[in-house]
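Each chain, letter by letter, is given below.
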Amino acid sequence: MNFTPKRKNGNVRAIYLGLLALGLISIVVSGEWASRRIALICISMLSLVGGVYLMVRYELTTYSYILNAKENDFEFFVNKATGKRGSYVCFYMISDVATFLPYEKNTKEELIKKYQNISFFTYTNNVSCKTNVLVFANAGHYDAVIMESDEAYDEYIKNAIALVREKQNTQEDEDDD
């Protein structure tokens, strides 16, 4: 199952367009004194760099979350597409999920306390949106993938986690016999 969140970045679009306009205007306007000219050049450079960064990060980049069934497990991918070029930025097996929960204000601190060696990766299309975090065990440390999804995709992930854990438990019971 694939999920790509819809864009809701009206405020970000206004900010990066404003920064780009400020950068262009401050390049055109030249000051009378050398110190004013240097200040305008610094403002224009910072505005242009900030505007281009926001445009590339929130307007031109799209993250898609892919969950594929694979024998007794599921594969989880995040596809990052910038323009027409796309690439997978992460790959995990659902059997490696340590926890799946909504991402709120204190979630990061709680996860750092619970899993000492944890890295956070944010793959979201929008600035302020409902996000979730999937924590994966990964060779002695933990990776937390912050993603945005809707209710149906959340339910699909929860069902996949439950199914994989159930299969693992039945396999362990069979191995014990």
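Right above here is the structure, for reference.
What counts and how
- Residues numbered from 1 in each chain as written.
- Predicted model: local features only at pLDDT ≥ 70, side-chain atom pairs only at ≥ 80, totals over all residues.
- Heavy atoms only, no water.
- Core = buried A, V, L, I, M, F, W, Y, C linked by side-chain atoms within 4.5 Å.
- Buried < 20%, exposed > 50% of the residue type's maximum accessible area, 1.4 Å probe, protein only.
- Helix = DSSP H or I, 4+ residues; strand = E, 2+ residues; numbered from the N terminus.
- Contact = heavy atoms within 4.5 Å.
- Pairing = 2+ DSSP bridges.
- Axes fitted to C-alpha atoms, helices over the stretch in contact; angles between N-to-C directions.

Trainee: Looking at this structure, I do not really get the nonpolar core. What am I missing?
Mentor: In globular proteins that are soluble, nonpolar side chains generally tend to be buried together. If you look at the biggest cluster of nonpolar residues, it comprises 22 residues, and the most contacted ones within it are Tyr65, Phe76 and Leu134. Counting residues per element, the ones that place at least two in this core are β2 (61–70), β3 (73–82), β4 (85–93), β5 (97–103), β7 (131–138), β8 (141–148) and α4 (151–176). By residue number, the principal contributor to this core is α4, which donates 5 residues. In this structure leucine 134 touches Phe76, Val97, Thr99, Phe100, Asp143, Ala144, Val145, Met147, Ile157 and Ile161, once residues within four positions along its chain are discounted. Listed in part, the 7 residues of the second largest apolar core include Leu111, Ile118, Val133 and Val135.

Trainee: What's the story with the pairing of β7 in this structure? I'm lost.
Mentor: Side-chain positions along a regular strand alternate between the two faces of the sheet. Among the 8 residues in β7, 6 count as buried, and that is most of the element. Sheet topology note: the β5/β7 ladder contains 6 bridges and is antiparallel. When the sheet's bridge partners are listed, leucine 101 is paired in β7 with valine 133. Linkage of β7 to β8, two consecutive antiparallel strands, is achieved through a turn of 2 residues, within which alanine 139 is found at a positive phi near 50°.

Trainee: Quick question: what am I supposed to make of the sheet that holds β8 here?
Mentor: Two modes of strand pairing occur in sheets, parallel and antiparallel, and in both the strands are linked by backbone hydrogen bonds. Spatially, 4 strands are ordered β5-β7-β8-β6 in an open sheet, and the strand pairing comes out mixed. On the outer flanks of this sheet lie β5 and β6 (118–123), each paired with one strand and no other. Between one strand and the next, the sheet's axes are offset by a mean angle of 20°, whatever the strand orientation. Relative to β8, β6 is paired through 6 bridges, and the arrangement is parallel. In the sheet register, phenylalanine 121 faces β8, and the bridge partner there is valine 145. Contacting β5, β6 and β7, helix α3 (residues 107–114) crosses the sheet at an angle of about 160° to β5.

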